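The residues making up each chain are set out below.
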Amino acid sequence: MRLAIKLAWRNLIGAGLRTWLNVIVLSFSFVIIIWMKGIMTGWDHQAKTDMTNWEIGGGQIWHAEYDPYDPMTLNDAHGPVPEALAQGVESGALMPVLIVQGTIYPEGRMVPVAVRGVDPGQTILQLPAHRLDTVTDAIPALIGTQMAHTIRLKAGDRMILRWRDIHGTFDAREMEIVEIFSCTVPTADAGQIYIPLEMLREMTLLNGEATLFTFRNEDTAVTVPEGWTLKTKKELTRQVDELIQTKSAGQSVLFGVLLLLAMLAIFDTQVLSIFRRQKEIGTYIALGYTRGEVVGLFTVEGSMHAVMAAMLATAYGLPFLLWQAKEGWTMPLDTSQFGMAIAQTLYPVYTVGLVISTILIVLMTTAIVSYWPSRRIARMNPTEALRGRLQ
Amino acid sequence: MENHVLIRIDGLVKRFPMGQGEFTALRDISLTIGRGEFTGLVGPSGSGKTTLLNIVGSLDVPTEGAVVVDGRSVGRLTTREAAQLRKERLGFIFQSYNLLAVHTVYENVEFPLLLLKIPAEERRRMVMDALEWVGLVPKVKSKPPQLSGGECQRVAIARAMVKKPSLVLADEPTANLDAANSHHILQTMEKLNRELGTTFLFATHDDKVISYLRRKIYLLDGRVDKDEIIVVSKTESL
């Protein structure tokens, strides 16, 4: 094997430009695959972190009737704070949230919203709830940038908020936007209005009630009361994983095309080598190689393109990948309109597994592509090969 | 006596498939070639010289009969054993040199020693010795495309001789060389045969080569037509 590597190295260096073209193309594959996979991993990390910080905390306990995808459930999705959770709420380990349906009328337009009652003193989520602790004659409200952009609102704007109380009676009051927050989690922003919890309870006559509780820490031990359902952080972030998986599957097609181009170049080189180097193959056999060993030599030679590409990719790719990890990749479009948890600037995250698996995949694919045409050598007649006759 | 014999060929027949039928390249060849001989298979194109040389070199196998080279029956060797025989005991010199173009002169000559896994220090000494025999030490770092035809063939001789094989098989070694280079090459090979006792077996129809041979085996249509031994006096050979 050492001899094959030594000879392959000499042959590759001797082949000059042909080798370097293949190596450069293959090195692009290494860098682009690692970078794009890194972006995906970074997005995954970022989306989960943002969801944790802005919406789900360390997990949640939902009222059994609550379904975030069906606003009609909100009428019944609330209940008094169960005794088992009361201490957690008291100590600040749990944050109650009450959610009801409502409608706002900015500039005479009617916009249905989910009104979320949160404690202005909460410190579990990154939401600037303390801004709700504002002295105003209207209902103080927080909204996200996406919502503000969609309905063209700015801080200080006032509008009518209409809701129904526990008896189904409509009521309405003026509401003032006290702050517009910026977050990348669409479910915490689009169609959501945050007002003080106690005010909402009062408005809806749902005193002491909540729709869900958010944990401060993931490992908080609680007994889930009857009529309530535990939603772990893992369950709540599953959607992000699924989204990333779908995106990754789409990306794999691109990786496939990239690899295919690189492999095509190597396959071509191998086929060309076998046709052009018949005399050399015959000479190897005459000097004491078996045909199998010559197949091995050509396979090693082809595979070494990938090794050289990995080295070249390290030389120029490492600084690029590190720079990207530091500076991030700023999306050319406004990501708040994407409808998914994606930051404007994505920071790639490169794991050891990602780098090793990419190297292994490229190496193995190159080895297979190098071996495939080399098998032809095993069927060659050495005496014909020595004369350089095409077989 | 048997120990003196390097090649024993007995009733050798070689046929090649050709279209629907077969072409017989060698017909009932029986020969013995002793160690240290400087022998040539002489004959016109198509007489079977190269076919016989290939079978002796274990690059091909007999259809019928037996060919024993240095105690090994060529027809019965496995692929690996045949490769081992070539690697350890045989050296090849070809008409078109067959040097590895991207390797330097040194690397070309070193190649057979790498296959034999000879330690680096000893390998270096052996390569330099071989290059000294053929007078190519100054060209050690050159690559074949930078050498003349005569120099390339001298590299090929050094590559064939570096491991001090029992037998060197040379197929038309002067076919691509001018007269002066041909004589230089032949004198080199003759000298190595004399000094190292290596057996040389040529396939040739070149008069210049024939003039150096001490035994001429004439082949015609795949048969031995004439086997001529030139008696050289001891003083002449020296």
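Because the structure is a prediction, the values reported are computed rather than measured. (Residues numbered from 1 in each chain as written. Chains lettered and ligands numbered in written order. Predicted model: local features only at pLDDT ≥ 70, side-chain atom pairs only at ≥ 80, totals over all residues.)

Quick notes on the overall build of chain B
Right, on to step 1. On a plain count of helices and strands, chain B comes out with eight helices and 10 strands.
Right, on to step 2. Across the 238 residues that make up chain B, the buried fraction comes to 45%.
Right, on to step 3. Pairs at least 24 residues apart make up 68% of the contacts formed inside chain B by residues separated by at least 6 positions. (Helix = DSSP H or I, 4+ residues; strand = E, 2+ residues; numbered from the N terminus. Buried ≥ 20, exposed ≤ 12 C-beta atoms within 10 Å, placed from the backbone. Contact = placed C-beta atoms within 7 Å.)

Things to note about the nonpolar core
Right, on to step 1. Among the nonpolar cores identified, the biggest contains 105 residues, and Ala130 and Ala158 of chain B are the most heavily contacted of them.
Right, on to step 2. In terms of residue count, the dominant contributor to this core is helix H9 (residues 291–327) of chain A (12 residues).
Right, on to step 3. Residues contacting alanine 158 of chain B, with those up to four places away along its chain left out, are Val109, Ala130, Leu131, Trp133, Val134 and Leu136 of chain B.
Right, on to step 4. Ranked by size, the runner-up nonpolar core spans 57 residues in total, among them Met51, Met95, Leu132 and Ala188 of chain A. (Core = buried A, V, L, I, M, F, W, Y, C linked by C-beta atoms within 7 Å.)

Some remarks on the interface of chain A and chain B
Right, on to step 1. Contacts between the two partners involve 18 residues from chain A and, on the opposite side, 20 residues from chain B.
Right, on to step 2. Those elements giving two or more residues to the side of chain A that touches chain B turn out to be helix H1 (2–15), helix H8 (278–286) and helix H11 (382–386) of chain A.
Right, on to step 3. Of the residues assigned to the side of chain A that touches chain B, the class counts are eight nonpolar, six polar and four charged. (Nonpolar A, V, L, I, M, F, W, Y, C, P; charged D, E, K, R; others polar.)

With respect to the pairing of strand E6 (residues 90–93) of chain B
Residues and elements named next belong to chain B.
Right, on to step 1. Where burial is concerned, the two faces of E6 agree: the one with Leu90 and Phe92 and the one with Gly91 and Ile93 are both buried.
Right, on to step 2. Note that E6 and strand E7 (residues 167–171) share four bridges and pair parallel. The residue bridging glycine 91 from the neighbouring strand is valine 168, located in E7. (Pairing = 2+ DSSP bridges.)

Notes on the confidence of the model for chain B
Residue and element names in this part refer to chain B.
Right, on to step 1. Averaged over chain B, the pLDDT score is 91; the fraction of residues at 70 or greater is 96%.
Right, on to step 2. Helix H8 (residues 234–237) is the least confidently modelled element of chain B, averaging 52 in pLDDT, while strand E9 (residues 215–220) averages 96, the highest of any element.
Right, on to step 3. Here the predicted complex scores 0.70 on pTM and 0.90 on ipTM. (pLDDT = per-residue confidence, 0-100.)

A few points about the sheet that holds strand E3 (residues 38–42) of chain B
Residues and elements named next belong to chain B.
Right, on to step 1. Within the open sheet, the six strands sit side by side as E6-E7-E8-E3-E9-E10. Their pairing is mixed. Taken across any chain shown, the strands that pair with only one partner, and hence form the sheet edges, are E6 and strand E10 (223–229). Going from strand to strand, the sheet's axes swing by 15° on average, the running direction of each strand aside.
Right, on to step 2. Where E7 and strand E8 (residues 199–204) come together, five bridges link them in parallel fashion. Its bridge partner being in E8, aspartate 171 is matched across the sheet by alanine 203.
Right, on to step 3. Taken strand by strand, helix H1 (residues 49–56) contacts E3, E7, E8 and E9, and its axis lies near 150° from that of E8. (Axes fitted to C-alpha atoms, helices over the stretch in contact; angles between N-to-C directions.)

Concerning H1 of chain B
Each α-helix turn comprises 3.6 residues. Residues three or four places apart therefore point the same way.
Residue and element names in this part refer to chain B.
Right, on to step 1. Where burial is concerned, most of H1 is hidden: eight out of the eight residues are buried.
Right, on to step 2. Among all positions in H1, only Lys49, Thr50, Thr51, Leu52, Leu53, Asn54, Ile55 and Val56 are buried.
Right, on to step 3. Directly after H1, the chain includes serine 58, whose backbone phi takes a positive value near 55°.

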